[in-house]
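Structural overview for review
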Amino acid sequence: MTVLSTRDKLAILSDAAKYDASCASSGAAKRNSLKSGGIGSTEGSGICHSYAPDGRCISLLKILLTNFCIYDCSYCINRSSSNVKRARFSIEEVVRLTLEFYKRNYIEGLFLSSGVIRSPDETMGEMVEIARRLRVDEKFGGYIHLKTIPECAPELLEQAGLYADRLSINVELPTDEGVKRLAPEKRPETIRLSMAKLRAKIEEKAEPTLKTKKRQRFAPGGQSTQMIVGADATNDAEILGASARLYGSYQLRRVYYSAFSPIPDASSALPLMKPPLMREHRLYQADWLMRFYGFDRHEIVAGRQDGMLDLEIDPKLSWALANRGAFPVDVNRAPREMLLRVPGFGTRAVQKMLDMRRFRRLRLEDVGRLCQSIAKVRPFIVAEGWSPGGTTDAQHLRARLIGRPTQLSLF
Amino acid sequence: MIVLHATTLQTVHLSSQTDFPAWRDAARRLATNDIPPADIVWNVGESDDLFADDASLPEVAPQVALNVPREFIDRAEAVICHSDPARFALLYRILVRLRADPNLLKIASDPDVMKLNEMEKAVRRDIHKMRAFVRFVEIGEGEDARYAAWFEPDHFIVERNAPFFVRRFTGMKWAILTPKGTAEWDGESLTIGPPASKADAPAADATEDLWLTYFTNIFNPARLKVKAMQAEMPKKYWKNLPEAALIPDLIRGADRAAREMIERMPTLPAPHHAKVQEKYWSAKEATAAPEAPAGSLDEARRQAEGCRRCPLWRDATQTVFGEGPHDARIVFVGEQPGDREDIAGKPFVGPAGKVFNDVLDEAGIDRRITYVTNAVKHFKFEPRGKRRIHFKPNVVEVLACRWWVEQELGLIQPDLAVALGATAALSLLGRAIPVTKLRGEVLTRDDGLRVFITIHPSFILRISERADAEAERTRFVEDMVAVRKLMAA
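Not measured: the values here are computed from a predicted model.

Here we come to the overall build of chain B. Looking only at helices and strands, chain B features 17 helices and 15 strands. For chain B, whose C-alpha radius of gyration is 38 Å, the value lies well above the compact-globule estimate of 23 Å for 489 residues. Taking the principal axes of its C-alpha atoms as reference, chain B extends roughly 115 × 75 × 45 Å. Among the 489 residues that make up chain B, the fraction classed as buried is 35%. The contacts of chain B with a sequence gap of at least 6 include a subset with a gap of at least 24, amounting to 70%.

Structure below.
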């Protein structure tokens, strides 16, 4: 077997990691290197240091420790039956790459994941050791995200939380049946249990200790997960149900949706098609509506016969068109919750309006200056000197708002 | 002929583009003397305006209050970094207007405020993009390693942004060169210097090649979204980003690469696959749900882990089985696990469990000698944001779960069972009974097991009136005292 250079390994092991959607470097505790004299800082919101032509942010060095794997999940390029080239980084190589990239300001930190080799504990042990070396030996203050292996020992999980900013475990697919079919060796019960353990640990460590009254550091960026969309027949209603359950049960910071992407050397169990990017986009919008706009998951898909979100218009507009009785909303009097339901109003615009209307009444021009497109908003609001009259209930409102026929796919 | 008006223009000289203290000092002098915005010329460096009165500015007028919101000062400090020469005048105009209208900044649609917001946003974005797109190149090695970067900001942000790089790259010696000034950190102190030129900046280093390798391979050609990329990484930055040179080729090749990914036929499994399967996955687990009762509590607990007798397992984390000595003389049966129990996998560890423990303690019952379980072993809930709202299990679910409760009772053979609430009573007696009416009574089952009826401790937690809750709790303690006496009997 030929010896691979670090460059060869990097090519293989970053290619193997690109199907993971998350690259977030936010939510970490504030930290800098002024005291330690090392390198690295996290100041709340993350920074995207570059963008690939797929529009995804490159914030972290996202790599696999190895793409050798004993699991055979059909959606994964690294499954054991795949003929993909295999490689394995040494601990030292990952530490050096992270530091060298960080020093050049290419990245915010490391997102380390791995195929499972031999045993979950052995693989997780090496990942934890990389995090430990970075934090302790190298005084590295940048962001570290570790993808934890569900079956690993609790002590390893505990150590991982000590060094990492964020831990994540992928649920892989929205339903247990999907996991059973496409990832036969994975156990959804174990994945859930691991997320429960993580939540319990995060909550336990958030309490000040009795002796020192200090909080111990444990994954300050919380936990997140990812599910693949479009690899099985689960509809959007079920996906949003799964997300709502995950947010509620395990206090996740984020659920990532990853449009199933064809992979080289694909398994025959899977659809061979371009990834459903628009569907993924709509799911993120719906996810935002649940988390920041006070929408219940049932409302979002109510009235959609097939349980799928409308691809043509965003889910908030879709809801508004289906619930016209709730409109128009008076921007000078409506409570925040109702303003948040107006299509075209973001959380910031709503806050600005609330601030402003304490001092003067809002006219349509005022609203126009605070939001992206007044044309989209107009039919749904009442402002000083403005009433939409019959347009709110007009039959052709949907067609009018969409305007010219739009492309459905993002390609 | 041009007629000059009698008004004298006041000229302010700021020593640098971002000289906020001088702007503030001048603004204070001018505003307290009611000099209108139109009569002021703001200059950076030497004066070249012939019509402006170069004499010194008026003193701050005594006894004139000039109060502005703290927010304005913070924002003005950011906006002064903007490259628009009109920013000094805008800030002064807003300052003057704030005296009459202290809430002006809240009027987000006011043209001056909009302009302020816009400038502030532009500066913030420029600062953010500098943090993102500065690319250091290493010069020298080992102890002598130093790092330098060339960056072209839109605004005068180098000084404002430099502390960020100090906090982040404390352990490195570095310099950031820009056409609007330089920042240099020698490991101990920060120096802000004059503008530099691109020729002063070093070319690529060896690690850059690895970065390009990474950039190429992390890109998924099946998800090409060029517009999304350019929205966040506008072309104006590309010339100083080494990876940007790769973008045109990646875009051009994407369609073919994606098509190849899709078209390539699935191949035969890799050679090592069979061996991996054999070594790690040959021992298949028994998955079928057992139809026969278990021989021991431990076996029943194991079997219950995979219970599919009702659909509640789908949303819950795990089966929460009973806990306690296998020869306990008393068994407490609750309703179902809650949020805490679902996470911990143990019964009665949440808020209701705490009430329960305290009450047992007061009544003189040692929880360690009791067996505690629930009528339903999975948590039934509805997610609401970050919380899970408890849902009462229905009759079908309760009856399905009796399979386990009856095995627990059969294997323990207690003298007494305590039904905590209606769901527990339904499970233990197989029929709905009015708990409030029968509270404190002992019913005997066909198999001879005595069942004491009382409320569920969570009932006490739901009473909002404190005195009522206290009274209810006292009654519950009395119930437990009665239970203790029954245990002794």
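All right, on to the overall build of chain A then. Within chain A one finds 15 helices and 10 strands. Considered along the principal axes of its C-alpha atoms, chain A spans approximately 75 × 55 × 40 Å. Looking at chain A residue by residue over its 411 residues, the buried ones come to 53%.

Time to look at the nonpolar core. Core analysis: the biggest nonpolar cluster contains 183 residues, and Ala131 of chain A together with Ile176 of chain B have the highest contact counts within it. It is helix H7 (residues 236–250) of chain A that contributes the most residues to this core, 7 residues altogether. Those residues in contact with isoleucine 176 of chain B, other than ones at most four positions away along the chain, are Val134, Ala149, Phe151, Val158, Phe165, Thr182 and Ala183 of chain B. With 50 residues, the next largest nonpolar core counts Ala328, Leu409, Ala424 and Ala425 of chain B among its residues.

Here we take up the packing of helix H3 (residues 87–100) of chain B against helix H4 (residues 111–133) of chain B. Residue and element names in this part refer to chain B. Contact pair H3 / H4: the axes reach a minimum separation of 10 Å and the direction vectors enclose 130°. Overall, the two elements H3 and H4 adopt an arrangement that is oblique. Taken as a pair, H3 and H4 cross one another with a handedness that is left-handed. Here Arg87, Leu90, Arg93, Ile94 and Arg97 of H3 lie close against H4, whose contacting residues are Asp112, Lys115, Leu116 and Met119. Taken together, the residues of the contact of H3 with H4 sort by class into 4 nonpolar, no polar and 5 charged.

A few words now on the interface of chain B and chain A. Listed as interface residues are 65 residues of chain B and, on the opposing side, 73 residues of chain A. With 8 residues, the single largest contributor to the side of chain B that touches chain A is helix H6 (residues 207–218) of chain B. Its residues assigned to classes, the side of chain B that touches chain A shows 38 nonpolar, 12 polar and 15 charged.

Now for the domain arrangement of chain B. According to the domain assignment, chain B contains domain 1 (9–126), domain 2 (134–200), domain 3 (207–261) and domain 4 (297–488). Relative to domain 4 of chain B, the C-alpha centre of domain 3 of chain B lies at a distance of 59 Å.

Here the focus is the environment of lysine 316 of chain A. All names here are of chain A. Mapped onto the secondary structure, lysine 316 falls in helix H10 (residues 315–322). Separated by 15 residues in the primary sequence, lysine 316 and valine 331 have C-alpha atoms spaced 17 Å apart. Setting aside chain neighbours within four positions, we find lysine 316 in contact with Leu289 and Pro343.

This part covers the environment of leucine 157 of chain A. Residue and element names in this part refer to chain A. Along the chain, leucine 157 falls in helix H4 (residues 154–163). As a C-alpha pair, leucine 157 and leucine 198 span 41 residues in sequence and 7.9 Å in three-dimensional space. Once you skip the residues sitting within four places of it in the chain, leucine 157 turns out to touch Thr148, Cys152, Lys197, Leu198 and Lys201.

Let's shift gears to H3 of chain B. Residue and element names in this part refer to chain B. Look at H3: 21 Å from first C-alpha to last across 14 residues, which is about the 20 Å you get at 1.5 Å a residue. Residues of H3 that are buried include every one of Arg87, Phe88, Leu91, Tyr92, Ile94 and Leu95, and no others. For H3, the buried positions fall inside an angular range of 160° around the axis, keeping them on one side. The secondary structure elements touched by the buried residues of H3 are helix H1 (20–32), strand S2 (40–44), helix H2 (70–79) and H4.

Residue and element names in this part refer to chain B. Taken in spatial order, the 5 strands of this open sheet run S10-S9-S13-S15-S14, and their pairing is mixed. Edge positions in the sheet fall to strand S10 (371–374) and strand S14 (442–444), since each has one partner strand and no second. Ignoring which end each strand starts from, the neighbouring axes of this sheet average 25° apart. With respect to the sheet, helix H14 (residues 422–429) is in contact with strand S9 (330–334), strand S13 (416–420), S14 and strand S15 (450–454), its orientation differing from that of S13 by roughly 140°. Set on the sheet, helix H17 (residues 466–488) makes contact with S9, S13, S14 and S15; between it and S15 the angle comes to about 170°.

A few words now on the pairing of strand S8 (residues 254–259) of chain A. Burial of S8 of chain A is extensive: 6 of the 6 residues sit out of reach of the surface. Here S8 of chain A shows a buried face lined by Arg254, Tyr256 and Ser258 of chain A and a second buried face lined by Val255, Tyr257 and Ala259 of chain A.

Before going further, it helps to examine the sheet that holds strand S6 (residues 166–168) of chain A. Residues and elements named next belong to chain A. Strand order across the open sheet formed by 6 strands is S3-S4-S5-S6-S7-S8, with parallel pairing between neighbours. Every other strand in the sheet has two partners, leaving strand S3 (60–64) and S8 as the edge strands with one partner each. Between one strand axis and the next, the sheet turns through 20° on average, direction left out of account. In this sheet, strand S7 (residues 223–229) lies alongside S6 in parallel orientation, the contact comprising 2 bridges. Within the sheet, the bridge partner assigned to serine 168 lies in S7 and is serine 224. Of the strands in this sheet, strand S4 (109–113) and strand S5 (143–147) touch helix H3 (residues 120–137), which is tilted by about 170° from S5.

So, about helix H5 (residues 158–168) of chain B. Residue and element names in this part refer to chain B. Within H5, the full set of buried residues consists of Val158, Asn161, Ala162, Phe165 and Arg168. Seen end-on, H5 carries its buried residues on one side only, within an arc spanning 125°. Considering only its buried residues, H5 is in contact with H4, strand S6 (174–178), strand S7 (181–185) and strand S8 (190–193).

What follows deals with the packing of helix H10 (residues 297–305) of chain B against helix H13 (residues 395–412) of chain B. Residues and elements named next belong to chain B. It is at 10 Å that the axes of H10 and H13 come closest, and there the two elements cross at 170°. When the interaxial angle is binned, H10 and H13 end up roughly antiparallel. Note on element contacts: H13 touches H10 through Trp404, Gln407, Glu408 and Leu411, opposite Leu297, Ala300 and Ala304. The residue makeup of the contact of H10 with H13, split by class, is 5 nonpolar, 1 polar and 1 charged.

Further remarks concern unusual backbone geometry. In the segment running from phenylalanine 327 of chain A into proline 328 of chain A, the intervening peptide bond is cis, with an omega of 0°. In this fold, proline 328 of chain A is placed in the loop between H10 and strand S9 (329–330). A positive phi angle, near 55°, is found at aspartate 34 of chain B, a position not held by glycine. The topology assignment puts aspartate 34 of chain B in the loop between H1 and S2. Despite not being glycine, phenylalanine 348 of chain B has its phi angle at roughly 55°, a positive value. Tracing the backbone shows phenylalanine 348 of chain B in the loop between helix H11 (339–344) and helix H12 (351–363).

What follows concerns the pairing of S7 of chain B. Residue and element names in this part refer to chain B. Buried residues dominate S7, accounting for 4 of its 5 residues. Bridging between S6 and S7 involves 5 bridges; their strand directions are antiparallel. By the bridge assignment, alanine 175 is partnered in S7 with glutamate 184. The hairpin formed by S6 and S7 contains 2 residues between the paired strands. Between S7 and S8, which pair antiparallel one after the other, the connecting turn spans 4 residues, and glycine 187 there sits at a positive phi close to 100°.

Scoring rules and cut-offs
Residues numbered from 1 in each chain as written. Chains lettered and ligands numbered in written order. Predicted model: local features only at pLDDT ≥ 70, side-chain atom pairs only at ≥ 80, totals over all residues. Helix = DSSP H or I, 4+ residues; strand = E, 2+ residues; numbered from the N terminus. Rg over C-alpha atoms; globule rule 2.2 N^0.38 Å. Buried ≥ 20, exposed ≤ 12 C-beta atoms within 10 Å, placed from the backbone. Contact = placed C-beta atoms within 7 Å. Core = buried A, V, L, I, M, F, W, Y, C linked by C-beta atoms within 7 Å. Axes fitted to C-alpha atoms, helices over the stretch in contact; angles between N-to-C directions. Parallel < 35°, antiparallel > 145°, perpendicular 65-115°, else oblique. Left-handed = near helix turned anticlockwise from the far one by under 90°. Nonpolar A, V, L, I, M, F, W, Y, C, P; charged D, E, K, R; others polar. Domains from an automatic or database assignment. Expected span 1.5 Å × (residues − 1). Arc of directions from axis to C-beta. Pairing = 2+ DSSP bridges.

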